[in-house]
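Structure assessment
Each chain, written out:
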Amino acid sequence: MSNSSQIKSRKEEHVNIALNENVRVKGVTNGFEDFEIVPTSVPDLDFNEISLRTEFLGKTFDAPVLIAGMTGGYPRAEKINKSLARVCAKLGIPMGVGSQRAMITNKDTLATFNVKEEVPDVYLIGNLGLVQFSLDFGLSQFDEAVEGVNADAMAIHVNPFQELCQPEGDLDWRGAWSNFKKITKHSKVPVIAKEVGNGIAWEEAVKFQELGASAIDVGGAGGTSWPKIELLRNEKEDALSLDDPVLSWGINTALATYEATSKVDIPVISTGGMYSGLAAGKALVMGSSLVGIARPVLQALIDGGEERAEKYLHRYILDIKRVMFLMGAETLQSLRAKRDRLVIMGRSREWLLGRKIIS
Ligand SMILES: Cc1cc2nc3c(=O)[nH]c(=O)nc-3n(C[C@H](O)[C@H](O)[C@H](O)COP(=O)(O)O)c2cc1C
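Residues numbered from 1 in each chain as written. Predicted model: local features only at pLDDT ≥ 70, side-chain atom pairs only at ≥ 80, totals over all residues. Heavy atoms only, no water.

1. Concerning the environment of Met324
Selection criterion: Going along the chain from the N terminus, every DSSP run of H or I of four or more residues is numbered as a helix, and every run of E of two or more is numbered as a strand. Whether a residue is buried, partly exposed or exposed follows from its accessible area with a 1.4 Å probe, protein chains only, as a fraction of its type maximum: under 20%, in between, or over 50%, in that order. Any two residues having at least one pair of non-hydrogen atoms within 4.5 Å are treated as being in contact.
Summarising the element assignment, Met324 is placed in helix α13 (residues 295–326). A residue is classified by how much of its surface remains accessible, and Met324, at 0% relative accessible area, is buried. Sequence-wise, Met324 and Lys338 are 14 residues apart; in three dimensions their C-alpha atoms are separated by 11 Å. The contact partners of Met324, leaving out residues within four places of it in the chain, are Ile50, Ser51, Leu52, Ala329, Glu330, Thr331, Leu332 and Leu335.

See below:
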């Protein structure tokens, strides 16, 4: 099989596994259960006046929710991405596409990523993997990815654990930091540093900021596990075992969000197992700008089309609004101002004390 057809079939396999297998790791949660918000017993506001409008990288969105990048590069992906784009444009929220590596290696796949062709108004976040720039990509491929889809921003994903579990994974990461700097220096659109489900610690979040990132998507553990997806399709004899304890590796989304929002000034996105309005509300109280959601939206779309995906997101956004009501917050700004009403318990408290983020 050629390199480009390999990528194409891998991407399709990823989606099929994500939809048909249990792709979460047993015992790994998003961590928000350790964070309680002290309720406000007198919300001095009208529920119907609550606004979820949010600013992100100079744009205003109707809700602080993002469909995180998932797919592209094979025929079925065109329908998926264009459907997601229509839903996002309708709801006034941004979306990402999956890694555009396939688009660079096989120009015929452009249409599967190029959602603006049909939905010009959607705010679109392109996607490439940082390790690719240690291998065979340079700034011209970066430009190709941005220009090919007319991206409003570009996510550069980091996924060392996924690569480690992938049968054909890329393990030579030399030059990754300097490549990231080259990208941000060159890019005309904001660059978002993004993990895919094992979390970014504050040390790396700060470094990404110093090297020119415009935002951090912490991509924490607790939701879709990429190491698990890769191992489900890895037939190598010496591959990691699916019940190896290292599968729980990573920083959960709650801790990664708390760390990043404590240490960086650029916007933070919380993605990874953010499957309830309550978890989303807590991430926003911590100071996140957006909450990202991937697999459940794809599942809704495949099960019931655009209507079901839209309904799912509509409900999710309404659930965030309900938390805002219970917190007496009429705007996201006033919700974020309530960070001192977060109570941190158990393992998360020990973690944050040990990391000297709280005292
Ligand atoms: C089918 C599928 C494909 C994905 N492909 C990519 C990708 O190409 N690039 C990327 O940065 N993240 C990718 N992701 C990761 C998501 O953006 C997200 O970080 C992760 O799935 C955690 O969110 P969730 O728990 O809501 O699924 C993919 C996720 C899914 C479900």
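Read on for the rest.
2. A short note on the packing of aromatic side chains
Stated precisely, the cut-off is as follows: Think of it this way: a Phe, Tyr or Trp ring, Trp meaning its six-membered ring, pairs with another when their centres are within 6.5 Å, and the plane angle makes it stacked under 30 degrees, edge-to-face over 60, tilted otherwise. By definition, being over a ring means that NZ of Lys or CZ of Arg is both within 6 Å of the ring centre and within 35 degrees of the ring normal.
Tallying each qualifying case throughout the model produces eight aromatic pairs. With a centroid separation of 5.7 Å and 75 degrees between ring planes, the pair formed by Phe47 and Phe325 is classed as edge-to-face. Note that Phe47 is positioned in the loop between β1 (35–37) and β2 (54–56) and Phe325 in helix α13, a separation of 278 residues in sequence. An angle of 10 degrees between the planes, with centres 6.4 Å apart, marks the rings of Tyr312 and Tyr316 as stacked. Placement of both Tyr312 and Tyr316 in helix α13 is noted, with a separation of four residues, approximately one turn of the helix. Relative accessible area serves as the criterion here: at 24%, Tyr312 is assigned to the partly exposed category. On the accessibility criterion, Tyr316 (3% relative accessible area) is buried. Aromatic ring contacts, followed pair by pair, group Phe32, Phe35 and Tyr258 into a single cluster. Lying across the ring of Phe47, Lys321 places its NZ or CZ 5.0 Å from the centre. Arg339 extends its terminal NZ or CZ atom over the ring of Tyr258, reaching a point 4.2 Å from the ring centre.

3. What to know about the site of the ligand
The following threshold applies: In these notes, residues near a molecule or strand are those with any non-hydrogen atom within 4 Å of it. Pairs of N or O atoms are called polar contacts if they sit within 3.5 Å, as long as, within protein, a hydrogen donor faces a hydrogen acceptor (for residues adjacent in sequence, only side-chain-to-side-chain pairs). Per-residue accessibility takes into account occlusion by the displayed protein chains alone, with areas from the Shrake-Rupley method and a 1.4 Å probe. Each residue receives one of three labels: charged for Asp, Glu, Lys and Arg, nonpolar for Ala, Val, Leu, Ile, Met, Phe, Trp, Tyr, Cys and Pro, and polar for the others, Gly being one of them.
Lining the immediate surroundings of the ligand are 23 residues, of which Gly69, Met70, Ser99, Thr224 and Tyr275 lie closest. Contact distances for the ligand include 2.8 Å between an oxygen atom and a backbone N or O atom of Gly69. The side chain of His157 places a nitrogen or oxygen atom 3.4 Å from an oxygen atom of the ligand. Against a free-state accessible area of 600 Å², the protein chains account for coverage of 97% of the ligand. Where the shell around the ligand is concerned, the elements lending two or more residues are α1 (3–20) and α13. When residues in the shell around the ligand are grouped by element, the largest group, three residues, is from α13. In the shell around the ligand, the residues fall into 11 nonpolar, 10 polar and two charged.

4. Quick notes on the packing of helix α11 (residues 253–263) against helix α15 (residues 346–354)
Pairs of packed helices are described in terms of their axes, by the angle between the two and the distance that separates them. The condition that has to hold: With axes taken as lines fitted to C-alpha atoms, and helix axes fitted only over the stretch in contact, angles between N-to-C directions fall between 0 and 180 degrees. Two helices that cross are described as forming a left-handed crossing if the nearer one is turned anticlockwise from the farther one by less than a right angle, and a right-handed crossing if clockwise.
Interhelical geometry of α11 versus α15 gives an angle of 35 degrees and a closest axis separation of 11 Å. Crossing of α11 against α15: the hand is right-handed. Facing α11, whose interface residues are Leu255, Tyr258 and Glu259, α15 presents Arg347, Ser348, Trp351 and Leu352. Across the contact of α11 with α15, the residue classes tally to four nonpolar, one polar and two charged.

5. So, the pattern of salt bridges
Rules: Any carboxyl oxygen of Asp or Glu within 4 Å of a side-chain nitrogen of Lys or Arg constitutes a salt bridge here.
In total, this model carries 18 salt bridges according to the counting rule given. In this structure, Lys82 engages Glu117 in a salt bridge whose closest nitrogen and oxygen atoms are separated by 3.1 Å. Of this pair, Lys82 sits in helix α2 (residues 75–91) while Glu117 sits in the loop between α4 (110–113) and β6 (124–129), and the two are 35 residues apart along the sequence. Residue classification places Glu117 among the exposed residues on the basis of a relative accessible area of 53%. With a closest N to O distance of 3.4 Å, Arg315 and Asp319 form a salt bridge. Of this pair, Arg315 and Asp319 both sit in helix α13, four residues apart, which is roughly one turn of that helix. If you follow the salt bridges from partner to partner, you end up with Arg10, Glu13, Glu168, Glu230 and Arg233 in one network.

6. Thoughts on the nonpolar core
Defined as follows: The set of buried Ala, Val, Leu, Ile, Met, Phe, Trp, Tyr and Cys residues whose side-chain atoms join them within 4.5 Å is what this entry labels a nonpolar core.
One finds Phe35, Met95, Ile156, Phe180, Tyr258 and Leu313 to be the most contacted residues of the largest nonpolar core, which totals 95 residues. Among the elements that line this core, the one with the most residues is α13, at 10 residues.

7. A look at the side chain of Thr71
Its location among the elements puts Thr71 in the loop between β4 (65–67) and α2. Assessed through its relative accessible area of 1%, Thr71 is described here as buried. If near-sequence neighbours (up to four positions away) are discounted, Thr71 is found in contact with Lys11, Val15, Ala77, Ile80, Asn81, Val97, Gly98 and Phe113.

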